[in-house]
Amino acid sequence: MRRIMRNALLLTGFVVVALLAVGAVPSYLGSGEAYYLEATPTDEGGAAVNVTAISERRFPYLTKAVTADDGRSAGYQRALGGYKTWFAHSPFDEFDALQRLDAEAVRDDGDRVLVTYEGERYSVAIDSDGAGGDQQ
């Protein structure tokens, strides 16, 4: 094999490994406060996003929050000055998606979103306890 071809293959391999690392590693990093999606049962009326048929793969934090006994998703910690959010799925992504699905379900100037799950109504908000927690 010629030297230039070997170098090209090594460079290509390095680029592939680097891209995989950039996509996978940030989700395992975390520092600072833990953020959660918190789903609180409510009887508040008005428009609500129906999340009964949502995909658990697309909305893992929301699915965990509405099915958990304590109404909380797994924790998410930001890392590297916000760099992690470019590459890792977060509760902030899911909350923004809920707001875009039905703007009329947004309450308190964007602090909460009303959802329905299997006939029950929930008020979903992002919560932080500042004490760490399960990292995703």
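Overview of the structure. It should be emphasised that the depicted structure is a prediction, and the values quoted were computed from it without experimental measurement.

### Remarks on the environment of G71
So, point 1. Note that G71 resides in the loop between helix 2 (60-67) and strand 3 (76-77).
So, point 2. Linking G71 and T40, residues 31 residues apart in sequence, is a C-alpha distance of 6.3 Å.
So, point 3. Residue contacts for G71: discarding those within four places in its chain leaves L37, E38, A39 and A65.

### Here's the deal with the packing of helix 2 against helix 4 (residues 91-101)
When two helices pack together, their arrangement is given by the angle between the helix axes and by the axis-to-axis distance.
So, point 1. Contact pair helix 2 / helix 4: the axes reach a minimum separation of 8 Å and the direction vectors enclose 85°. Taken together, the axis directions place helix 2 and helix 4 in an arrangement best described as roughly perpendicular. Judged by residue contacts, P60, Y61 and L62 of helix 2 engage P91, E94 and L98 from helix 4.
So, point 2. Broken down by class, the residue content of the contact of helix 2 with helix 4 amounts to 5 nonpolar, no polar and 1 charged.

### Digging into helix 2
So, point 1. What helix 2 keeps buried is the set Y61, L62, T63, A65 and V66.
So, point 2. The inward-facing, buried residues of helix 2 abut strand 1 (34-41), strand 3, helix 4, strand 5 (112-117) and strand 6 (120-128).

### Concerning a nonpolar patch on the surface
So, point 1. A cluster of nonpolar side chains, namely M1, I4, M5 and L9, defines an oily patch on the protein surface of about 500 Å² accessible area.
So, point 2. Considering the arrangement of structural elements, one finds M1 in the segment before helix 1 (3-24).
So, point 3. The class of M1 is exposed, set by a relative accessible area of 77%.

### A few points about the nonpolar core
So, point 1. Within the largest apolar cluster, 21 residues are counted, with the highest numbers of intra-cluster contacts made by L62, L98, V115 and V124.
So, point 2. Of all elements in the fold, only strand 1, helix 2, helix 4, strand 5 and strand 6 reach the threshold of two or more residues within this core.
So, point 3. Those residues within four positions of L62 in sequence are excluded, and the remaining contacts are L37, V51, I54, E94, L98 and V124.

### Comments concerning the side chain of R107
So, point 1. Looking at the secondary structure, you find R107 in strand 4 (residues 106-107).
So, point 2. Exposure remark for R107: the relative accessible area of 15% places this residue in the buried category.
So, point 3. If we skip the residues at most four places from it in the chain, R107 touches E44, G45, G46, A47, R112 and L114.

### Regarding the pairing of strand 5
So, point 1. Judged by how many residues are buried, strand 5 sits mostly within the fold: 6 of 6 residues are covered.
So, point 2. Neither face of strand 5 is open: one carries R112, L114 and T116, the other V113, V115 and Y117, and all of them are buried.
So, point 3. Hairpin remark: strand 4 followed by strand 5, antiparallel, with 4 residues in the connecting loop; positive phi at D108, about 50°.
So, point 4. Of the strand pairs in this sheet, strand 5 and strand 6 are connected by 5 bridges, and their pairing is antiparallel. From the neighbouring strand, V113 faces strand 6, where its bridge partner is V124.
So, point 5. Linking two consecutive strands that pair antiparallel, namely strand 5 and strand 6, is a turn of 2 residues; a positive phi of about 50° is found at E118 within it.

### Looking at unusual backbone geometry
Note: most residues except glycine have negative phi, and most peptide bonds are trans.
So, point 1. The backbone of D108 shows a phi angle near 50°, a positive value even though the residue is not glycine.
So, point 2. Within the fold, D108 resides in the loop between strand 4 and strand 5.
So, point 3. Even without glycine at this site, E118 takes up a positive phi of about 50°.
So, point 4. Looking at where E118 falls in the secondary structure, it is placed in the loop between strand 5 and strand 6.

What counts, and at which threshold
Residues numbered from 1 in each chain as written. Predicted model: local features only at pLDDT ≥ 70, side-chain atom pairs only at ≥ 80, totals over all residues. Heavy atoms only, no water. Helix = DSSP H or I, 4+ residues; strand = E, 2+ residues; numbered from the N terminus. Contact = heavy atoms within 4.5 Å. Axes fitted to C-alpha atoms, helices over the stretch in contact; angles between N-to-C directions. Parallel < 35°, antiparallel > 145°, perpendicular 65-115°, else oblique. Nonpolar A, V, L, I, M, F, W, Y, C, P; charged D, E, K, R; others polar. Buried < 20%, exposed > 50% of the residue type's maximum accessible area, 1.4 Å probe, protein only. Patch = residues over 30% accessible without salt bridge, like charges linked within 9 Å, V, L, I, M, F, W, Y side chains within 5 Å. Areas by Shrake-Rupley, 256 points an atom, 1.4 Å probe, with all protein chains shown as cover. Salt bridge = Lys/Arg side-chain N within 4 Å of Asp/Glu carboxyl O. Core = buried A, V, L, I, M, F, W, Y, C linked by side-chain atoms within 4.5 Å. Pairing = 2+ DSSP bridges.

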